[in-house]
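Breakdown of the fold
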Amino acid sequence: MATNRRERQREATKQEIRDAARAQLTEGGPGAISLRAIARDMGLTAAALYRYYDSLDALVEDLCADRYDALTTEVLAARDIGATPLDQLREACRAYRRWALRNPHEYALICGEPVIDTMHTHVEPTPKGDAAMRFTLAFLEPFTAIWHARTTPPQPLVPGVAEALSGPNVEALRQALPIEGVAFFLIGWTRLAGAITMEIFGHLRWATDDVEPLFEQNLEDMLRQLTM
């Protein structure tokens with residue numbers, strides 16, 4: 001957080017740059033983001049702009065984190081309206097889809113084919129990686145409450161799953177869930193994100209013009225499996 005006038009001014013300018021990049025994104029998709037065009041629109045020289053972002057990669061990285069945080073804010077607001085953990089998880093999933101439908105280019109930037117690869121490192125954290133993890137954890141609290149309220153033991157994992165779950169951020173999940181719960185969380189996450197991505201990129205148009213009922217069926221099936 002900026003603590004003095006100069007830092008606040010610098011952060012305000014960076015936010016203006018991100019807003020300009022977001023406008024380009026909305027108009028033309030991830031490939032439309034251009035530092036030179038942003039500098040021109042803001043009345044800056046390219047050299048002046050590079051004092052705030054030294055590369056397109058750095059700007060896109062920051063923009064991804066900003067958009068992940070916007071999505072997380074909306075998911076948390078919807079989640080916290082729910083009266084029970086099951087309701088909270090349901091509403092969080094629905095909010096995720098609503099945001100994606102309203103912001104397809106932003107969704108493509110953070111969840112589609114990356115403009116730059118900011119999620120590959122297991123060593124150094126990145127703004128996008130940290131923001132993506134905050135987004136993921138927004139679903140974890142209600143999921144964990146539901147998981148620990150189950151009355152039947154989980155199905156055993158197929159060989160190799162436990163060993164495969166060794167990513168850099170899995171430890172945050174392991175602190176809240178047994179390995180079976182982590183696997184179920186990730187499988188559900190893949191299913192949810194996959195359903196939204198298929199809809200956003202138009203891969204279900206061959207089957208239906210109204211994807212919402214199909215999404216709701218998919219969501220209820222996932223929640224039913226979670227509570228069994």
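The following refers to the structure shown. Bear in mind the structure is a predicted one, so any value in this text is a computation, not a measurement. (Residues numbered from 1 in each chain as written. Predicted model: local features only at pLDDT ≥ 70, side-chain atom pairs only at ≥ 80, totals over all residues. Heavy atoms only, no water.)

Turning our eyes to something else, we now look at the nonpolar core. Here is a general trend for soluble globular proteins: nonpolar side chains tend to be buried in one another's company. If you look at the biggest cluster of nonpolar residues, it comprises 58 residues, and the most contacted ones within it are Val75, Tyr96 and Phe139. With 10 residues, helix α10 (residues 179-200) is the single largest residue contributor to this core. Apart from residues lying up to four places away in sequence, tyrosine 96 is in contact with Leu71, Val75, Tyr107, Cys111, Phe135, Phe139, Leu192, Ala193 and Ile196. (Core = buried A, V, L, I, M, F, W, Y, C linked by side-chain atoms within 4.5 Å. Buried < 20%, exposed > 50% of the residue type's maximum accessible area, 1.4 Å probe, protein only. Helix = DSSP H or I, 4+ residues; strand = E, 2+ residues; numbered from the N terminus. Contact = heavy atoms within 4.5 Å.)

Across its 18 residues, helix α5 (residues 85-102) extends 26 Å between first and last C-alpha, which sits within 8% of the 26 Å expected from 1.5 Å per residue. Taken together, the buried positions of α5 are occupied by Gln88, Leu89, Arg90, Ala92, Cys93, Ala95, Tyr96, Arg97, Trp99 and Ala100. Packed against the buried residues of α5 are α4 (56-79), α6 (104-111), α7 (127-148), α10 and α11 (212-227). (Expected span 1.5 Å × (residues − 1).)

This part is about the packing of aromatic side chains. Under the defined criterion, the tally for this structure stands at 13 aromatic pairs. Seen in terms of ring centroids, phenylalanine 135 and phenylalanine 139 are 5.4 Å apart; in terms of plane orientation they differ by 85°. Their pairing is edge-to-face. Of the two residues, phenylalanine 135 and phenylalanine 139 both sit in helix α7, four residues apart, roughly one turn of that helix. Looking at phenylalanine 135, the relative accessible area reads 2%, which means it is buried. (Phe/Tyr/Trp six-rings, centres within 6.5 Å; stacked < 30°, edge-to-face > 60°.)

Right, let's get into the environment of arginine 79. Among the structural elements, arginine 79 can be located in helix α4. Using a relative accessible area of 9% as the deciding quantity, one classes arginine 79 as buried. In the structure, arginine 79 is positioned 59 residues away from alanine 138 in sequence and 8.3 Å away in space, judged by C-alpha atoms. Other than its neighbours up to four places away in sequence, arginine 79 contacts Gln88, Ala92, Ala138, Glu141 and Pro142. Reaching out from arginine 79, the side chain makes a polar contact with the side chain of aspartate 80 at a distance of 2.9 Å. (Polar contact = N/O pair within 3.5 Å; in protein donor to acceptor, adjacent residues only side chain to side chain.)

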